[in-house]
Structures are given as structure tokens and as C-alpha cells.
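Letter by letter, the chains look like this.
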Amino acid sequence: MMMFDRRLLMNYGWALFILIFTFSVIGLVNLYSASFQSEHYVFKKQLVWVTLGLIGMILLSFLDFKTIKRYTTHIYTITIIVLIMTLLFGKEVAGSKSWISFGHLISIQPSEFAKLAIIIALAKFYDNDFEPGPYGIRDLVKPILIVAIPIALVMLQPDLGTAFLIILISGSIVFFMGIRFKSLILLFIVIIGVSFSGWHFLFKDYQKQRIATFIDSSQDPLGSGYNAIQSQIAVGSGKVLGKGFKAGSQTQLRFIPAQKTDFIFSVLAEEWGFIGGITTLVIYFLIILWILDTASRSKEKFTMLTCFGIAAMYFWHIVINVGMVIGILPVTGVPMLLLSYGGSSTIASLLGIGIVLGIRMRRTPLVKDALDLA
Amino acid sequence: MKEYKNKLIIATVILIQAFVILAGRMWYMQILKGNEYEKFSRDNRVRITRFPAPRGRILDRRGRELVINRSSFDVYILPNDVKDVDSISNSLSNTLEIDAGEIKKKISEAFEANRFIPTPIAKDINRDQLAYIEARKISLQGVFIQVNHTREYPYREIGAPFIGYLGRASKEDISRHPNLARDALVGKDGVERSADEYLVGDDGYTQTITDAHGREVKWRLLQKDLRSQDSVPGADVVLSIDIDLQKSAEESLGERAGAVVAVDVRTGELLALVSHPTFNPEDFIDSMDSRKWNKLMSSSKSPLLNRATQGLYAPGSVFKIVTASAALNEGVINSHSRFYCPGSYRIGNRTFRCWKKGGHGLLNLHQAIVQSCDVYFYRVAEKLGISRFAKYIRGFGFGAPTGIALNERAGIAPSKEWKLDKLKKPWYVGETIITSIGQGYLSVSPLQVALMTASIANGGTLLRPQIVKKVTSPDGEVLLNLSPQQNGRIPVNEEAINVIMKALKGVVNDPGGTGWASRLDNIEVAGKTGTAQVVALNTISDKISHKDHAWFTSYAPADNPEIAVTVIVEHGGGGGAVAAPVVKRILETYFRLKEEGNV
């Protein structure tokens, strides 16, 4: 399974590796400033998660993607089982049953890993299919089911942010592969119909309240509306050069709630200014570009779509999160990958990069594989 | 796989577009609007605590305190610290006797405006209320007491018309003094208003850093641009008024409606200024309740009107001083010119009566002034004509503001041009005739009459009246010393003035003089009586009454004048009988004070 061929190292995606490593360091430094005053454990834990994530990324990059492809169904099935277990035995935090905890120190959020599983499952589906697109609704029954089951499970937690992101990521893949216009309309009608019946029969009142606030944050002016204003003040007052490390008044005086998680980018923009914020965004976009480049060099649909899906995952996370922080999108519970505090999302996003690195490394079929084909 | 290349290129374009949008928005926020956001972020964390500066005192000419400050315990609410609006509202409502709903409304309004700025709930609470609130500091979280300064007027109504009163600062006031606190009181009338710029102090403040929960943070990194400042008390304003003379003048006028002006004829300093009925300035401080306010505003006696400077009346016979001066100076008559008074004078088909039905017989100017013969002045005015006459009316300062630092009204100095301009009608000779005895279109303030009298007494200088003498800083440094000022000279030669002065002395001292009632034991007084005919509605009987306004204007000592005193008693009757005794009492006080070495 593990193949340590010298050519692999020559083909290794060092650029992506360095970008990701740099970004992880930026994330840790920024998180330290956001939490050092009262919560030292936050930085320490995140340091452990990032280290574990980077190790996992490197290990995963040496795993042949053919293995992943072979076990896709298993991975997907296990993910679904874990999501069901989360609903049954999960720990409730802030009204959502999204965590499975192992002791009081470690709890994981399976829905973060589910994103990767869904991407791989969709890639596998299209890889098997030899008909070219665009696809009609009948062709799409299977991928819709692949996506709908985990979404339903995540919605029940309820974790609207993650469910919404799964829709965006898988939607991007489906759209990328092509879909007939009529089917697209039909799909929308079905989604709306399901949402309505779900609203009336499935959700409890507190869940409805959360959904309502998710959709329209102005319903909760002293909650997320306040967050949005304070976040924008933080970003704007950072000006060109920022207020300096550990010197952001909005951050250090706790005017930004959730500043370790969802609003972490406002901490960075306040303390490091336009220069720091833009530099971070550029690195982030370079990572996505690099993943897309890997996709375009792929020789088969599975690897291309897996890369594309992971690129979409990074893309939607950054657009929705930064858009929220700078006040052009509503306030939603979507973390900023590798900046926000959180083990599951950090490790899952680094594992995603590991998969891409592995694909990149093997973009030229090795002699041995060629022989296999023959 | 080639077919997907183009799609990936499209994806890359979308990616770049998203980057441009995010980066563009950050450019807008951090570079274009950075300074605005920086201000918001500063307002978020910087909390300002004010130390109100005491307002300057108002003193009389001998340094006696007419207006001072005392401590006032005021109740404030800091919206951000409020935990339970209902319990606070109810609790405060009980002790402060304010409607709980009103308190609730104030809190929620303040919360919306800026939850870090304290809002006042009640002012000047008593000791019991203070004890109640202090004892409940824990349950009344968000409520605090601040010691402010409030105005105290030890003499109450005495001097109120020129002292004025305070009121809540309006939007314009705050735009003039940007440092004013939201609930600051500023002068709304009288010297409190005209000298407001000196009286108002500079509030002190400290700035502290607070976190999102309102807790103070002592963090050097964020404290570098904090400022603080001690409060600077306002300057004291010293008036020209002598409060003893003022008291005497108010007592002399008593409960009657009217006005008194006492002015130093050498400098124009006002020594007493009475307007009655009046008000108590203290009523305005604790945001006067609407019932009290309506009563003040709607009273037919208009207590807020300063009758001495804003009250406009027909001058009646005191105006004969002007008529005589004009005629002498124009050479229409000399001191020997005689006219015969048969009791009336007929011009065309109109008959103008003298106040003395039987007539005065043949008399010269001196006798005409002493006995206040109307017909003599009818004849003089007929010869003088309105055009020349009008020049002198204005020359004595009528129809124009005196320049006093109080609200005043200019009144009317009639002339041909004035009538054509305002009433679009030509001038009639008969109107010249009645103007000569201070009736008709003429309308003057008691202050203008006092200054006219002073201009004769000082030999021709029309003074600019002065109420503020100087301004001194709290540590005694003189910031402003106002020297006497003039509004020019009256257009009358010295000889004519001497004739008039002799006659005015005769009014009081000659047998048969109309001002007999103002004579003093040891000092000669000069003056002129006036009885202004008015038509007024008697509020009690609802009948039109014809009780005339009583005037007396005077100066003393007659040969070396120091002080001019003018009195009007509304609907008092004859000037000689009613107003002259008032003047007498005031002059007595003046000279007694002078003897004691106190003026």
C-alpha cells in the first residue's frame, strides 16, 4: 500500500505543503492572540490538533488514492453510521447534538469528516458512470441520495451551517458535471418541498428558532446582529497595518463573540490590518488554485472530482466565513478552515489536503501501474 | 478528460472574482472607511466620566451673592449595567415618585442611543431618597448617584427679571458649546443668559477603558491615547446692581404691577431694575412641571416679561422733557416764551384739552413744565412740526434698543416716514399735538425714559446702560472690566439743558409743582410726573377701565446729579400722587446707603 518511490518525492506537492504549513502557523499565532488572556488550553489543544492533522496529511498523501477509491463505499457507510450515533449518543453543545465525546477533553464533530466522505462518494459515482453529461434527474437519483442522507442527519442535530455547506459543496460537484436545466428546476422544487414538510413535522420549536436566526440574523439583534456589527468594527478599525499582535481592542476587550471560532478572521484583520488580511486571503486562494491545478492535471474523473470537491470545500468555507466577518453575508455558524479553533474541522481539512497531495504525487502513472494495466 | 479543462478554467475565474469581491470589501472597510471604524472601536471601549464644573456666581456691585451653587444629588442610570429593568423601574418609582413606565421608557431610550452613556433619571433628590438608593446598591445595579451643582437664588424673586433663569440646553446651545453635557442647564434669560459664556465652566472628565461587559480594564497598551481633565469652574459675574437698593425699590413698588429703573447718571450703571409681578428663578431648575410653566406663561400679568426693558408704554407727560428740549434747541421758543392756556386748544375742528379743565392761564416754559400744562406744549409742538420733532425723539434714544445686555424692546419713535411706512397713511397735525404730551403712537420702555432723564442730568450724554460691571475668575483675577459706554449725545445745547434742569427742579420743589410728593428732607430732587392715558380691560369686572399709568422720572441731587430713578405703576392713576412717593423712598435708601459709605 505505502510506496516509497523516489519519484514520488520528486513529484511531491512541496508548494502546497509549504502553503498549508505557513497557513497553519498563521492560524496558531492568530488563535493565540484571540485566547491567551484567559484560555491557555485553547492554543495548546489547537497546537495538538494541527500537529496531528499535519501528520495525518503527510501519511494520507502517501496512501495510493486507488485504495481510497476502493474503500469509498466503506468510508461512506461508516460515516453515515457515525452520524446516526451522534444523534443517539452525542453531546449537546449550545443546542446542537453535533459532538461525540471521549472523556471531557476530546470530542469530535463527525459532520466535519462527513464532507470528505461525501466528496469521495460523489467522485466515485461519476467515475463509474461512462455517459457524458449533462445529466437528467433520473441519472441523479443516486448522487442525490448520497448527499441527502448525511444532510438530513446533520439537519437533525441541528447544524444548519454544516448542512448548508454540504449542499454547496456537493451542489458544486453536481453542477460541475452538468445537469439538465429541467432537472435543475425539478431539484429546486423537491428541495423546497422537503424543507417545508421538514419545517412542519420534523423540527422542534427550539430548532425552528435556530433555523430562523440562521436565515435572518436581524431577528436576534443583540445576538448575531451585534456580532456582525462588532466584527465589522474590528475589521475596519484595523486599517492598513492593523493594531498589532495582541493589541486589537475589539478582540482583547471581548467585543467580538465567538472570536476563537466563527469570527476568528476579524481578529486577524483587526490586529494585522489590510496587509495581514489580504496576505492571508492570498495564501488561501493560492491553496485553492493549486488544488484546482491538480484537478486539471488529473487523468481520471475520480481524482479530478475529489480535488475539485476539496477545492469547493475550501472555497465555500472561506467565502461564507469571510463574507460574514466583513458584513456582506449573513451570520452563520461556518468556521474558517485552519484559522478557527476546532480539532475536527482542522484535522478534516488537513486530511483533505493530504488526499490532494497524494493525487498530485501520482499524477503521472508509475511504470508499475502501467504494467498493471497491461 | 479534456472536456473538463474549460470547466476548471471557469471555476478558476469564479474563484478569482470571489477573491476580488472579498479583497475589495476589505479595501473599502480598512482603507477607505478605516478612520470611521476606528472611531466606533474607540467609542466602544472608552468610557467618559464627567465632573461637572460649577457655574460662576452672580454678585451685586458690593460682592453679595445673588446666585450661588449648592450640591445636588442626581440619579443616573448606566444602561449597559442594568440587569433588571422592571425591578429598577418599580423600586425607583416608589422612592422618587416618578411613574415606573416613564423610568422604563427612559432606560430603553438610553439603551438604544448609547448603552455606555449615563442618562439622568431624577435631579436633586432629598436625603431620604438618597439613603434609600444607596442602601440598595446591589439590587439597583446600573443606578448610581452623581453629585452635581445646582443653582440657588438666595434672594428668590428679588432681581429675577435681570438675573434670569436656567433651562435644559437646547440643540442650538449644544452646538454652540460642544462640551456641554447632555443634561446641562444653560441660561435662558437675564444675565444667566447674556453672560452665559463667562458663567459656564469647563466640565472635567476622565476616560477609562472598559471591555465588552462594561468592566474597567487597566491595560497599558490600550491606554496610551486616554485623556483626562480637571473641571474649571465658571467665572463670577459682578453686576452694577446694589441689592439693598433693589430690595428697597421692590418694596416701594410693593404688590402693584409696574417697573423701576435706577441708573447712575455718570456711568450708565444700573443700580436697581424692578419688574413686577415676577417669578422665582429656582422654579425653573428641576425641570419645571408643566402646570407651573403654563401658569407662568398664560398669566395675564405676564410675570416673565421684564417690564423695565420689554414693557412698552405711552410716556405721558414725562415726554414733555423731550418736547421742551427740541423746541428750545430749534429756537421755536426761548425760556421766556409765553402761551395762554384756557383749558383747551383747537386745531381745525378738533379740540385738545388740558388736564386742568379751568386752564393754567398765561405761563412761560418753566411754569408749563412745573404745572405740566398740556396746552403750552400743544402750541410748541404746532410750531415745531413733526419733522424737526421726530429728530429729537430719536435723538433721546427712543425707538432704538439701548444696548443693554438683557432682552429689550425698542418701542416706537413716530415720524411722518414711520407712519407712511408702517401704516401707509399720511401724518396729521393733531398727531404732532398729542405726541408732544407723550401720547399717540409713542411707545417707550421705562429704561429708555430713565436714560432720557439721565442724559439731561449729566449734561447731554446718552448712556449705554450697563448691568454687568465685571467678570472675575474663581481665583479673583479680573477677566473683563466693562467701562461706561455711550450711545452718543442728545442733540440739545447746554443752555437749553440748563433751562430744563431748572424746571425739573421746580416740578418737585416749587409750590404747586406736580412732583411735590418726591421731596426729600435734605437733598434736592428734580423730576417730572406723567400720567399716561390707557384703555385697559379690567379682568375682574370685565369692564374697560380708564385708570391711567402713573409715571415719575427723576434725578438727584438736583444740582449735582448722581442717580436717575424712573417709576411706572401700571393703572396706578396720577403720576404725582402714585409714582412720586415710590421714587422718594428709593432715593431715601440711596442717600442713606451713600451716607453709610456703601454705594
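Residues numbered from 1 in each chain as written. Chains lettered and ligands numbered in written order. Predicted model: local features only at pLDDT ≥ 70, side-chain atom pairs only at ≥ 80, totals over all residues. Heavy atoms only, no water.

All right, on to the pattern of salt bridges then. All names here are of chain B. Inspection of the entire model under this criterion finds 41 salt bridges over all chains. A salt bridge links Asp-60 to Arg-64; the shortest N-O distance between them is 2.7 Å. Here Asp-60 falls in the buried class, since its relative accessible area comes to 0%. Two residues, Asp-86 and Lys-104, come together in a salt bridge whose shortest N-O distance is 2.7 Å. Taken together, the residues span a long stretch of sequence, with Asp-86 in helix α3 (residues 85-96) and Lys-104 in helix α4 (residues 100-113) at a distance of 18 residues. Residue classification places Asp-86 among the partly exposed residues on the basis of a relative accessible area of 40%. The exposure class of Lys-104 is partly exposed, given its relative accessible area of 38%. Look at the salt bridges and you will find they share partners, linking Asp-60, Arg-62, Arg-64, Asp-242 and Asp-244 into a network. (Salt bridge = Lys/Arg side-chain N within 4 Å of Asp/Glu carboxyl O. Buried < 20%, exposed > 50% of the residue type's maximum accessible area, 1.4 Å probe, protein only. Helix = DSSP H or I, 4+ residues; strand = E, 2+ residues; numbered from the N terminus.)

What follows deals with the sheet that holds strand β25 (residues 563-569) of chain B. Residues and elements named next belong to chain B. Taken in spatial order, the five strands make up an open sheet running β12-β11-β25-β24-β21, and their pairing is antiparallel. The sheet is open, and its two borders are formed by β12 (270-276) and β21 (526-532), each paired with just one other strand. On average, each strand axis in the sheet is inclined to that of its neighbour by 5 degrees, with strand direction left out of account. Relative to strand β24 (residues 549-556), β21 is paired through seven bridges, and the arrangement is antiparallel. By the bridge assignment for β24, Gly-527 is matched with Ser-554. (Pairing = 2+ DSSP bridges. Axes fitted to C-alpha atoms, helices over the stretch in contact; angles between N-to-C directions.)

Let's shift gears to a nonpolar patch on the surface. A surface patch of nonpolar side chains, amounting to about 590 Å² of accessible area, comprises A:Phe181, A:Ile185, A:Leu186, A:Ile189, A:Val190 and A:Val194. Mapped onto the elements of the fold, A:Val190 is located in helix α9 (residues 181-202). (Patch = residues over 30% accessible without salt bridge, like charges linked within 9 Å, V, L, I, M, F, W, Y side chains within 5 Å. Areas by Shrake-Rupley, 256 points an atom, 1.4 Å probe, with all protein chains shown as cover.)

All names here are of chain A. Position of Gly-248 relative to the elements: it lies in the loop between α11 (221-237) and α12 (249-252). On the accessibility criterion, Gly-248 (0% relative accessible area) is buried. When the C-alpha positions of Gly-248 and Glu-270 are compared, they lie 5.8 Å apart, and in sequence the two are 22 residues distant. Apart from residues lying up to four places away in sequence, Gly-248 is in contact with Lys-243, Glu-270 and Glu-271. (Contact = heavy atoms within 4.5 Å.)

Structurally, A:Lys243 can be placed in the loop between α11 and α12. A relative accessible area of 24% means that A:Lys243 is categorised as partly exposed. With sequence-adjacent residues up to four places away left out, A:Lys243 is seen in contact with A:Ser237, A:Gly238, A:Gly248, A:Ser249, A:Gln250, A:Glu270, A:Glu271 and B:Ser41. Separated by 3.2 Å, the side chains of A:Lys243 and B:Ser41 make a polar contact. (Polar contact = N/O pair within 3.5 Å; in protein donor to acceptor, adjacent residues only side chain to side chain.)

Let us now look at the interface of chain A and chain B. Each partner contributes residues to the interface: chain A has 53 residues there, and chain B has 39 residues. Carbon and sulfur atoms supply 77% of the area that chain A and chain B bury against each other, a total of about 3,800 Å² over both sides. Broken down residue by residue, the surface that chain A buries against chain B is led by A:Lys239, A:Leu253 and A:Phe274, which jointly contribute 17%. Here chain A is connected to chain B by one salt bridge. (Buried area = accessible area lost by both parts, 1.4 Å probe.)

Moving on, we come to α3(B). All names here are of chain B. Over its twelve residues, α3 runs 16 Å from end to end, which matches the ideal 16 Å to within 8%, given 1.5 Å per residue. The set of residues buried in α3 consists of Ile-88, Ser-89, Ser-91, Leu-92, Ser-93, Thr-95 and Leu-96. Elements in contact with the buried residues of α3: β3 (65-77), α4, β4 (119-122), α5 (127-135) and β5 (143-152). If you check the start of α3, you find a side-chain oxygen 3.2 Å away from the backbone N of Asp-86, and it comes from Asp-84. (Expected span 1.5 Å × (residues − 1).)

Residues and elements named next belong to chain A. For chain A, the average pLDDT comes to 85, and 87% of its residues sit at 70 or higher. Between the elements of chain A, mean pLDDT differs from a low of 46, seen in helix α16 (residues 367-373), to a high of 95, seen in helix α13 (residues 264-296). Here residues 366-374 is a poorly scored stretch, pLDDT under 50, and it has three contacts once near neighbours within four places are set aside; other chains count. (pLDDT = per-residue confidence, 0-100.)

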